[in-house]
Amino acid sequence: MAKHKKIREGRAIWVAFLALIGLGLLVAVLLRGNDVILFNPKGLVATQQRRLMVTSTLIMLGFAVPVLITLYFFAWKFRETNPKATHNPSASRGKLLMLAFWAMPTAIMLILASLMIPATFKLEPQDTIKAEKDLLTIQVVALRWKWLFIYPGQDIATVNYVQIPVDTPVQFQLTADETPMSSFWIPHLGGQLYAMTEHNNRLNLLADTPGDYEGSAAEINGAGFAGMRFTTRVSAQDDFDTWVAKTKQSPAELSTPEYKKLLGPSENHPATFYKDPDPSLYSTILSKYAGSHGGSHDHQTQGAGEH
Amino acid sequence: MKEFWLGKLGWHALPHEWFTILGSISFVMLGLTVIAGLTYTKRWKWLWNEWLTSVDPKRIGIMYFIVGGFMLLRGGLDAIMIWLQQSLSSGASHGYLTAEHFQQVFTAHGNIMVFFVAMGLIFGLINYIVPLQIGARDLASPFMNTLGFWLYVAGVVMVNMFFLFGGEYAATGWLAVAPLSGKAFSPGVGVDYWIWSLQISGVGTTLGAINFIMTILKMRAKGMTLLKMPLFTWGSLCSMIMAVSVFPLLTMTLFLVFFDRYFGTHFFTTDAGGNAMMYTNLIWMWGHPEVYILMLPSFGVFSEIVSTFSRKPIAYYKSNVLAMIGVSSIALLVWLHHFFTMGASAEVNSAFGVATMIIAIPTTVLVFSWIATMYKGRIRFTTPMLWFLGFIAIFALGGISGVLLAIPPVDFQLHNSLFLVAHFHSTVIGGVLFGIFAGLNYWFPKIAGFRLNERIGRYAVWAWIVGFFVAFTPLYILGLMGATRRLDHYDSSKGWQPFYIMALVGGLIIAAGVALQIVQIIASIIQRKRLRDPTGDPWDGRTLEWATASPPPSYNFAVIPEVKTRDAYFEMKHLHAPKHAFEDIHMPKNTASGIYISIFAFLAGFGFVWEINWLAVVSIIGIIVCLIARTFNEDSEYTIPAEVVRKMEKARTDKADTHRKDSRDDEDDMGLIEFAKTVITWALGIALGIVRGKK
Amino acid sequence: MTHHTNAEAISVHEEAANDRVMFGFWVYLMTDLLMFAILFAVYAVLHGNTMGGPTGRDLFNPKLALSETLILLTSSFTAGMGMIAARRGIKRQVLVWFGITFLLGLAFLGIELFEFAEFIHEGHTMTVNAFLSSFFVLVGTHGLHITSGLLWLAVTLIFVIKRGLNSHLVRKLALLSLFWHFLDIVWIFIFTVVYLGAFV
């Protein structure tokens, strides 16, 4: 009986090892040729986020892996079919060890917190990014189920398409109109931020590599949620200027009746281009919901609370 | 006229889509089978008297297991539907579900698993085991116990009611964030079903939590101070104190959502001054502690299992207790980490991030205490111990991913992605569910009188562990690839499909694990005579529940033991406790009040869902009348005289074997092949019997 | 474990049960307090959202609120006197003191309903804006609790008349008194935060 058990236990450990390796191989194979976006950042913010993620993970694994190995090692070493193991029901009574139990994870958490707190302040999305080039402001309105981009400085507007010049600090001002809470996310460039009615959140990003990147809505907001995707094109400054000039020649104009049409629900909306958006459109949308708190919610840069 | 009597109900509400027709037929067939079986075996009276109106926490515990287990299958079916849709719906294909339907499926999946599976099974365990562990005969309030159970059942019925009437459930995600859950964006009855299934069962949970706290704090055996209590009782106490602190928040928040939808108030609307962000805060102030409410009892279960199967008392008991209290307290302070991305300042975000990280400290101390317990122990790899070993790996993964998510800038990239989904499934499956499975395996001999088949149990553990890693590793990776959760469709160019398919395969392996668990139970029933636990102590246990028979008599202990140490029973075994004289035992009478009140509660909720106002009003009056009738009933107990107790005990001990069979000898447990043979033989026997009967 | 006679054992058993029930009721009161805490928090967040309409300062009548407060405080006093009588087992005094409590409670409700009716008549209903929603639900929930308490009190007093003042009913009255004092305390907060707060 004991022999059966020993064989079974030994076999189980081998199977576990092999299965783990098999899993790793399978995953590696599946990953070939794929873009693991969070490890492949194309913007300043995303790069720093990746660094923080990798460093924190390594610190945690550095602590957790030895602990887990110890646990499984003890499980194996002190199994009852092991005649060499000593059995001592009174083992583990020392006070020093107990203090160590509490001290070790506390130390790890202190280290992580010392990384996390400065990083949270440094990577505060509502703060503008200091760079050589001037800030480009784009006003974003979450609609059902599409994203409206208004370029106040360039007098153009787009739906489900946004183009920005490389190495330029961009501030996306986010709100929503007749739409539940939505989340604006371009994972290649940085993290997400919510776009909500009567609130004006600001997401600051800076792209450092030209290319086409997909953005999406990351918070469920109704039936057409999965199709609420948009293209982000990062191009050189000249290409950007060319594009702006071309869009200004668009036949379509973002007038008030045109905007009202956009307010109606539509799914998988194709990229659309407009000229001459009403310059007060964004503030009109914000103030539509205002009067509640005596003014709409403008989240200032430094030290902003929720209201 | 029709509108007065039927509200918004009409022909259109009856099932007319493929899944509502399928679901309705399934439930109706199930119901008819049960009714037929009960009628054929003439067991209606027995069912009513022995089970449905019982206030015995052992009976109520088993009923929780049955309902919770059934809901596990229902929620698991939802999971398979999700896996299937996401594996198919790439590029040109949109899968087999519409977006609206898919959104309802994962909403139902989340609600069912958290409220009706996890809470149900945990309440079952606490009901059955805690009174035995503290030397009590019953809970403090038997009436509140049965009422809490039937309110839970009313919630179960409500969450499945949409199959029959209405055809839609909430499509908002399991917590129905505002303003998506408001009338403007969710005009149908789905969110209303969501409100009332959670509200009714939530009240049941609150009552249960009050009851458990009263019991643990006021009904322990003489000599059992708080620091001599078993750790499962400690975990349950911490969990229930949290529950009593936060379920009122859920109750009130659900009422506010209801008022917005039913009366047109403006708590969370986008117009007239409503504040949707406030809903997010309120619901997560409940929601985060809720997941720790689910986790604490599992921590307690594992502490007991590691100790028993290492043949050692738990190391650093006081640290272990402090750690559980620490987790419970801090859990109340971290809710904002669920919405770092909503726009709070860096000060607020980092404060909550730090608080969230701090929870990892007591959790790690628990792991250390388990390691120290195993050190120089003599470890037996029974099925409960295997569940523990699986839990450690999976829960560690969940913990690490959790601390990662607690870092706000990192969370900005991972929020609402499949990485998040993988994280919470790691902790909930690896932690909560494995703990429940381990506890059920561990205490099954006590509950049923025979132990479970160890062989098939091992297969089930492996299937779950392997299935978990195959199903959720791809989800971690998909999250890192920028995949958002809850998508009903995605572009084929993203390269996500192979990972979704791998997840589906893992899901099917988990389904095999569930099937193996069912087979394990059936095989154990078939071999129950051989697997019998004659002594009440099959594992050489350490705590008081093992001092009673398996299963225990209705009064648990003929004489309440006096406790002198921690691991009370272990000491008693070796010290030969002196004999005590028998006394009269006061027992609570059965009552149907819990059933009646819950029926009225269900009808009131149904009336609110369909705006059948007269029904809601009449049902509320019904609740009040039943409550008055019950609480002013002064005749709710009966007494078992001491002489009768003596006779019952003598009859019990005469029947028990004095020979202690080593139940660790599991070489004769039937394997899968033998099981298949048995079932086929039995089925053939029935078929032949029918054929011969026809002749 | 010492051996009790069966007669002594019953009263020990009942005493333990009473202790448990009182403790459990305290726990329940804490959950009720938490529900009110949510409503206070909601009111704090939403009370400024009048969408340009009238504020609390424009609508509330502080004299009315003060009279409600005094009535409720007095009713707590009379409930206390009734409880003393109950512990002494004097049935007639119990009925008198708790009867007065009942009438005072009824008066409180009457004033509150009058206030609500006035607002509704002038078009300030709870569906108009978030301020009114949070006001009506906070104060209304308290009023619903008072109503439940009055119903509970009426039924208990009826049973006292029918069955006499037994230990079971004395325990009921003790729980009811706790509930009543609790509602009084919550009202003090409502009076301060909602009514007085509007005029600060």
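Residues numbered from 1 in each chain as written. Chains lettered and ligands numbered in written order. Predicted model: local features only at pLDDT ≥ 70, side-chain atom pairs only at ≥ 80, totals over all residues. Heavy atoms only, no water.

Caption draft 1: Expanded view of unusual backbone geometry. Residue and element names in this part refer to chain B. At the junction of Ala178 and Pro179, the peptide bond is cis and its omega measures out at -5° in the coordinates. Mapped onto the secondary structure, Pro179 falls in the loop between α6 (142–160) and α7 (190–218). Residue Pro551 is bonded to the preceding Ser550 through a cis peptide linkage, with omega at -10°. Mapped onto the secondary structure, Pro551 falls in the loop between α17 (497–526) and α18 (568–575). Positioned with a positive phi, Tyr316 is a non-glycine residue whose angle comes to about 55°. With respect to the helices and strands, Tyr316 occurs in the loop between α9 (276–309) and α10 (317–331). If you check the backbone angles, Arg486 has positive phi at about 65° while not being a glycine. (Helix = DSSP H or I, 4+ residues; strand = E, 2+ residues; numbered from the N terminus.)

Caption draft 2: Representation of α6(B) within the structure. Compared with the 27 Å implied by 1.5 Å per residue over 19 residues, the 28 Å span of α6(B) between its first and last C-alpha is a close match. A large share of α6(B) lies buried, amounting to 18 of its 19 residues. (Expected span 1.5 Å × (residues − 1). Buried < 20%, exposed > 50% of the residue type's maximum accessible area, 1.4 Å probe, protein only.)

Caption draft 3: Seen up close, the interface of chain C and chain B. Listed as interface residues are 42 residues of chain C and, on the opposing side, 42 residues of chain B. Summed over both partners, the interface of chain C with chain B buries about 3,600 Å², with 74% contributed by carbon and sulfur atoms. Our enumeration of links across chain C and chain B arrives at 2 salt bridges. For C:Asp19, the salt bridge is made with B:Lys218, and the minimal N-O distance between the two is 3.1 Å. There are 10 residue pairs in polar contact (both at pLDDT 80 or more) connecting chain C and chain B. Those elements giving two or more residues to the side of chain C that touches chain B turn out to be α1 (6–46), α5 (130–163) and α6 (167–198) of chain C. Examining the composition of the side of chain C that touches chain B, we find that 17 residues originate from one element, α1(C), more than from any other. (Contact = heavy atoms within 4.5 Å. Buried area = accessible area lost by both parts, 1.4 Å probe. Salt bridge = Lys/Arg side-chain N within 4 Å of Asp/Glu carboxyl O. Polar contact = N/O pair within 3.5 Å; in protein donor to acceptor, adjacent residues only side chain to side chain.)

Caption draft 4: Focus on the sheet that holds strand β9 (residues 211–217) of chain A. All names here are of chain A. Within the open sheet, the 5 strands sit side by side as β4-β10-β9-β6-β7. Their pairing is mixed. Edge positions in the open sheet fall to β4 (161–165) and β7 (193–195), since each of these has one partner strand only. Strand-to-strand twist across the sheet, computed as the mean angle between neighbouring axes with direction ignored, equals 30°. Bridging between strand β6 (residues 182–185) and β7 involves 3 bridges; their strand directions are antiparallel. Its bridge partner being in β7, Ser182 is matched across the sheet by Ala195. (Pairing = 2+ DSSP bridges. Axes fitted to C-alpha atoms, helices over the stretch in contact; angles between N-to-C directions.)

Caption draft 5: Broad picture of the packing of helix α5 (residues 99–134) of chain B against α6(B). Residue and element names in this part refer to chain B. Look at α5 against α6: their axes get within 11 Å of each other, and the N-to-C directions meet at 160°. Comparing their axes, α6 and α5 come out roughly antiparallel. As α5 packs across α6, the resulting crossing turns out to be left-handed. In this structure, α5 uses Ile112, Phe115, Phe116, Gly120 and Asn127 to contact α6, whose residues at the interface are Asn145, Tyr152, Gly155, Val156 and Val159. Here the contact of α5 with α6 is composed, by residue class, of 6 nonpolar, 4 polar and no charged. (Parallel < 35°, antiparallel > 145°, perpendicular 65-115°, else oblique. Left-handed = near helix turned anticlockwise from the far one by under 90°. Nonpolar A, V, L, I, M, F, W, Y, C, P; charged D, E, K, R; others polar.)

Caption draft 6: Just the confidence of the model for chain C, in detail. All names here are of chain C. In the predicted model, chain C carries a mean pLDDT of 92, and 95% of its residues have values of at least 70. pLDDT under 50 marks residues 1–9. Its contacts with residues more than four places away, or in other chains, come to 10 contacts. Two summary scores accompany this predicted model of the complex, namely pTM at 0.94 and ipTM at 0.94. (pLDDT = per-residue confidence, 0-100.)

Caption draft 7: Representation of the side chain of B:Ser550. Residues and elements named next belong to chain B. In this fold, Ser550 is placed in the loop between α17 and α18. Here the side chain of Ser550 touches Asp533 through a polar contact of 2.6 Å, side chain to side chain. The residues contacting Ser550, other than those within four sequence positions of it, are Pro445, Lys446, Gly449, Asp533 and Gly536.

Caption draft 8: Representation of the pattern of salt bridges. Applying the stated criterion across every chain, the model contains 20 salt bridges over all chains. Ionic pairing is found between B:Glu562 and B:Lys222, a salt bridge with its closest N-O pair at 3.9 Å. With a gap of 340 residues between them, B:Glu562 in the loop between α17 and α18 and B:Lys222 in the loop between α7 and α8 (231–262) connect regions that are remote in the sequence. Judged by its relative accessible area of 31%, B:Glu562 is partly exposed. In this structure, the salt-bridge partner of B:Arg311 is B:Asp540, at a minimum N-O distance of 3.2 Å. Here B:Asp540 lies in the loop between α17 and α18 and B:Arg311 lies in the loop between α9 and α10, a separation of 229 residues in the sequence. Ionic contacts of the salt-bridge type, sharing partners, join the residues A:Asp177, A:Glu178 and A:Lys288 into one network.

Caption draft 9: Up close: the interface of chain A and chain B. In this complex, chain A contributes 103 residues to the contact, which on the side of chain B involves 106 residues. Summed over both sides, the interface between chain A and chain B buries roughly 8,900 Å², with carbon and sulfur atoms accounting for 70% of that surface. Our count for the contact surface shared by chain A and chain B stands at 1 salt bridge. Close ionic contact of A:Glu214 with B:Lys494 constitutes a salt bridge, the shortest N to O distance being 2.6 Å. Our count for the contact surface shared by chain A and chain B stands at 25 residue pairs in polar contact (both at pLDDT 80 or more). Contributions of two or more residues to the side of chain A that touches chain B are made by α1 (2–31), α2 (44–77), α3 (95–122), β7, β8 (199–206) and β9 of chain A. For the side of chain A that touches chain B, the class distribution of residues is 58 nonpolar, 30 polar and 15 charged.

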